[in-house]
Structure formats: C-alpha cells, structure tokens
Amino acid sequence: MSKLIINRIFKPSVCKNFLRHANVRLFSSATHTSTKVNQPFSSKPAFPFLLIDYILNNPNSSSDGRVTTNVYGNEKEVLIKDKDLKEEVCDAMTVGFSRDGLRVELCGNHGDVCSPTIFYKPTDPELEDLTVDLPPLPTGSQIQCLVMSSLPKRDKNWVVVVKLLGSQLSMCRPFGSRKWINIQTKPQNINPSSSIMFSKKEKKFYVPTPGGNILCYLDPHSEDDDLIDFVELEFHDLPKSVFQELADVSTCSRTDHLVESPTGQLFLVKWYGEDLEDIDNTTLYNVTKKFMVFKEGEKPSCVYTKKMIYTEDIGDLCIFVGHSEAFCVPASSSPGLKPNCIYFVGYNFGVYDLTTKTCTMFLTKDDNPLRKLEFPYWPPPASFPVLAPN
C-alpha cells in the first residue's frame, strides 16, 4: 500500500477529550518531541490511534466512569458512556478508511440517476489536482464500493471499478472510452457483502465468491475486459484447532475480504458475525464474533490456483476492513497501532487481536454497538472515502 495511505492515517487528528485524566506521552507531529498530557478538555493528541491504544490497554481508563470494560473469555466489551468521547473514538477508528485529498461524491444525482464525481487534491504540490466526472450509471444504481487501479491521473489506462448493490460490477476508463462497461457476472459469482480489491502486484481486480473458496478477477488489460475469470483457492495444512473454531462459527454470517500488504503479500480475511438482540429485545444487531486470516503460499503450478495457508501471525501489519477496499499498513508506521491486529468498522467498531484471538468491541451507554449511521453499509452517503494504490 502506498506511502500516501500511511500519511493519511497518521497525520494529526482532531480527537481530543479523553486523555485529560491520563499521564501518557504523545508526540507532536511537527517536532516529534514528547509532551506530557494532563491538560484541559480541549487537548489534542497528535495521533488518533493513541486514543484507541490507551483505551484498549487501560480497561477502566477513566476515573469518572466514562469508560468501563467487561471481559467474557476472549470477548471484551468497552462501554463508552460519554457522547463526545464516543464521537472521538468513531473519528479515530474511521480516519484510516479515507485517503488524504481523495473523495467521491454522488453529485449529479437527479432522481434515480447516479453520476459519481472523484475529487483528488494531492498533498504533493508537484501532482495535479483532478476533478473527474464519471458518466451516469444505470437508473437506480447504488454504489457499494469504488476502487481504482491507481490514484487519479490523466491516463487512458487508468481504471475505475464500482461494485453496485448486490453483485453487479461496472468498469470505466475516465480518460479513455469514458463509458461504463457492464461486467458479465451472475449473482452466484460475487459475494454481495464482500469488497473488491485491486492488486498492485498482479494488476487485477479481485472479489471473493459467496462460498469464499474461489476468487473472481477482472483483468482491465485483457481484450475481453467485460468478462470475469476465476481463481480457485486451495486451503493447505489447516491445524486441527481450526476445525473446532470453524464449528464454533458455523451459525455466523461471513464476509471475505482480500488484502495486499505493502510488499505484495496477499491475505484472505474471513469476518464472522452473529445476530444479537439489544437489552430490550426490540432491535437486532449483527456483531463481530471472530476473524480468520489466510496468507498466500508458494505459487502452485496451475495459474488458476492460489495456495492459502492459515495464519495467526501477520507480523508488524495491521489490517483495516469494513468500508470500501480492505487494506493493511505496518503498525510501526504510527504510534498507537497494534501489530497483528484487525481494525474493523461497519455494523460495529472494534479491534481483533490475532495473537490472543481477543475481540474488543466498543459499545454505547445503552450497550448497543458503537457505529456511525452513515458507515454500515449501503447505500453509502452522498460523499464517501475511497482507496487506491499509487
């Protein structure tokens, strides 16, 4: 993943309130000198994930009862009772899912007509500011996620792919043909809840099938660019313990997400959720139960096969899933990020530790999952962040 993603996640944040009672040391983004935090309510931590890290590592971290933690085996619930702190945690958790200077607006919406516009204002003064008006999508279209082959650039081979509500894929070359190409897919080919990923290493767009053991891929450089092809996933050397874990989540929902590391390592992330009622038995929530991760092994002899190996160790990496394209960055790139962890947003917000298999979820004062109404999942808001490799 590009350096720009890392810069976006780790620039100074506006989250501010919680650490006023804590003697922790944060770092100024300008001077990189440590500053003791014991300041008024408006103090501003330099890095948003320091707030998340502090809450995770200090179970009952506020003397006034604004944050309390309950532990049930490998499940941890962090109850946030303060409204302002809830917003700061939401901001800190979601800051990683946008790109600096890059956003999409569904401007041009008239009735059922969807005409997305991509705005790109790079921080590098040598790069060109771009506003890209994409052609209208079919009447009634709702964009689930939008993925690009690179950051916006005036190149006829620059490709934008949208996954519409359900299983429809469409591709456009904004500086080429300037028309949407409807990819020939069937409902059974595309997982309606999983995200698309562009592999910078392989120059292809990938999305898992509903079963999770086959990948659909789209090669934008192929002559048949309106057709998808398939890669079979072979799961090798599963530990015996994994079979019991799979039995434990047999009644859970599941979405599959592909992630490519900055070095080109491919990971398949399986996200399991279960349905729970609120304390009044009036509302049903889908909450995160577990994650399982598989990494690509040595290349098999067949080009249409990928060998996947179960792993509980992704090293210094952190994975982000839950909005637009899943991605990962080195934890060492920012204070506060915990290595070998998955940060998730969507129907609920939290952090999953692959080492301890502990799932930490943030809850509100009513014991409901912490989330932002505009984040879970569709239709997306009129303006939403997108991801793209350099």
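Starting afresh in each chain, residues are numbered from 1 along the sequence in its written order. Local features in a predicted model are, by the rule used here, given only for residues with pLDDT of at least 70; side-chain atom pairs are given and counted only at 80 or more, and totals for whole chains, interfaces and linings are based on all residues. Processing note: side-chain calculations cover all non-hydrogen atoms of the structure and skip hydrogens and water entirely.

An unreviewed UniProt entry lists the protein under the name KIB1-4 beta-propeller domain-containing protein, with Arabidopsis suecica as the source organism.

Caption draft 1: Region of the structure containing the overall build of the protein. When its secondary structure is counted, the protein shows four helices and 25 strands. Any residue under 20% of the maximum accessible area for its type is buried, any over 50% is exposed, and the rest in between are partly exposed; the area is computed with a 1.4 Å probe on protein chains only. Put simply, the protein has 390 residues, and 54% of those count as buried. A separation threshold of at least 6 residues defines the contact pool for the protein, and within that pool the share at least 24 residues apart is 52%. Here the open area of atoms and residues is found with the Shrake-Rupley method and a 1.4 Å probe, where only the protein chains shown may cover a residue. Accessible surface computed for the protein: about 17,400 Å², of which carbon and sulfur atoms make up 48%. Counting from the N terminus, the helices are DSSP H or I runs at least four residues long and the strands are E runs at least two residues long. In what follows, a contact means two residues having at least one pair of non-hydrogen atoms within 4.5 Å.

Caption draft 2: Structural detail: the sheet that holds strand 18 (residues 284-296). DSSP calls a pair of strands paired once it identifies at least 2 bridges connecting them. Taken together, the eight strands give an open sheet; going across it, the order is 12-13-14-15-19-18-17-16, and neighbouring strands pair in mixed fashion. Looking at strand neighbours, the two that pair on one side only are strand 12 (197-199) and strand 16 (253-260), the edges of this open sheet. With direction set aside, neighbouring strand axes in the sheet form an average angle of 35 degrees. Relative to strand 14 (residues 214-218), strand 13 (residues 204-208) is paired through four bridges, and the arrangement is antiparallel. Paired with Val 207 across the strands is Cys 216, a residue of strand 14. Contacts between helix 4 (residues 240-248) and the sheet are confined to strand 17 (266-277), strand 18 and strand 19 (305-311), with strand 18 contributing the most and set at about 155 degrees to the helix. The convention used is that axes are lines fitted to C-alpha atoms, helices contributing only their stretch in contact, and that angles between N-to-C directions extend from 0 to 180 degrees.

Caption draft 3: Structural view of the pattern of salt bridges. We define a salt bridge as a contact between a side-chain nitrogen of Lys or Arg and a carboxyl oxygen of Asp or Glu at a distance within 4 Å. Inspection of the entire model under this criterion finds eleven salt bridges. Overlapping salt bridges, with partners in common, bring together Glu 245, Lys 290, Glu 312 and Lys 357 in one network.

Caption draft 4: Structural context of the environment of Lys 204. Looking at the secondary structure, you find Lys 204 in strand 13. Separated by 18 residues in the primary sequence, Lys 204 and Ser 222 have C-alpha atoms spaced 10.0 Å apart. When sequence neighbours within four positions are dropped, the list of residues in contact with Lys 204 reads Met 197, Phe 198, Ser 199, Tyr 217, Leu 218, Asp 219 and Pro 220.

Caption draft 5: Spotlight on the confidence of the model for the protein. Confidence along the protein averages 78 in pLDDT terms, with 75% of residues attaining 70 or more. No element of the protein has a lower mean pLDDT than strand 2 (residues 34-36), at 30, and none a higher one than strand 23 (residues 350-353), at 95. Taken together, the stretch residues 1-18 has pLDDT below 50 and engages in 71 contacts with residues farther than four places along the chain or on a different chain. A score between 0 and 100, pLDDT records how confident the predictor is in each residue.

Caption draft 6: How the structure looks around the packing of helix 2 (residues 48-57) against helix 3 (residues 83-94). Interhelical geometry of helix 2 versus helix 3 gives an angle of 115 degrees and a closest axis separation of 8 Å. Handedness of the crossing formed by helix 2 with helix 3: left-handed. Each of Pro 48, Phe 49, Leu 51, Ile 52 and Ile 55 in helix 2 lies in contact with helix 3, whose residues at this interface are Leu 85, Glu 88, Val 89, Ala 92 and Met 93. Three categories are distinguished: nonpolar for Ala, Val, Leu, Ile, Met, Phe, Trp, Tyr, Cys and Pro, charged for Asp, Glu, Lys and Arg, and polar for the others, with Gly belonging to the last. Of the residues in the contact of helix 2 with helix 3, the class split is nine nonpolar, no polar and one charged. By definition, turning the near helix anticlockwise from the far helix through less than a right angle yields a left-handed crossing, and turning it clockwise yields a right-handed one.

Caption draft 7: Highlighting unusual backbone geometry. Here the phi dihedral of Asn 340 falls at roughly 60 degrees; this positive angle occurs in a residue that is not glycine. Take Asn 340: it is sitting in the loop between strand 21 (327-330) and strand 22 (341-344). Relative accessible area serves as the criterion here: at 5%, Asn 340 is assigned to the buried category.

Caption draft 8: The arrangement of the packing of aromatic side chains in detail. Classification of ring pairs uses Phe, Tyr and Trp, with its six-membered ring standing for Trp, and accepts pairs whose centres are within 6.5 Å; under 30 degrees between planes counts as stacked, over 60 as edge-to-face, and the remaining range as tilted. Under the criterion given, the structure shown has 13 aromatic pairs. On the numbers, 6.0 Å between centres and 35 degrees between planes, the contact of Trp 158 with Phe 175 is tilted. Pair noted here: Trp 158 is in the loop between strand 8 (143-148) and strand 9 (160-164) and Phe 175 is in the loop between strand 10 (169-172) and strand 11 (181-182), with a separation of 17 residues, a long-range link. For Trp 158, a relative accessible area of 0% corresponds to the buried category. Judged by relative accessible area, which is 28%, Phe 175 ranks as partly exposed. Both rings, one in Phe 291 and one in Phe 344, keep their centres 5.5 Å apart while their planes meet at 45 degrees; by these two values the pair is tilted. Pair noted here: Phe 291 is in strand 18 and Phe 344 is in strand 22, with a separation of 53 residues, a long-range link. Of the residues examined, Phe 291 reaches a relative accessible area of 2% and is grouped as buried. Aromatic rings pair up to connect Phe 49, Phe 320, Phe 327 and Tyr 343 into one cluster. Above the ring of Tyr 217, the side-chain terminus of Lys 204 is found at 4.5 Å from the ring centroid. Whether a charge sits over a ring comes down to the Lys NZ or Arg CZ being within 6 Å of the ring centre and within 35 degrees of the ring normal.

Caption draft 9: Inspection of the nonpolar core at higher detail. Ile 52, Val 89, Met 93, Phe 320, Leu 337, Tyr 343 and Phe 362 are the most contacted members of the largest nonpolar core, which has 26 residues in total. Counting only elements with at least two residues in this core, the list comes to helix 2, strand 4 (75-80), helix 3, strand 20 (317-321), strand 21 and strand 22. Other than its neighbours up to four places away in sequence, Val 89 contacts Leu 51, Ile 52, Ile 55, Ile 80, Phe 362 and Leu 370. Only buried residues count toward a nonpolar core. Its members are Ala, Val, Leu, Ile, Met, Phe, Trp, Tyr and Cys residues joined through side-chain atoms within 4.5 Å.

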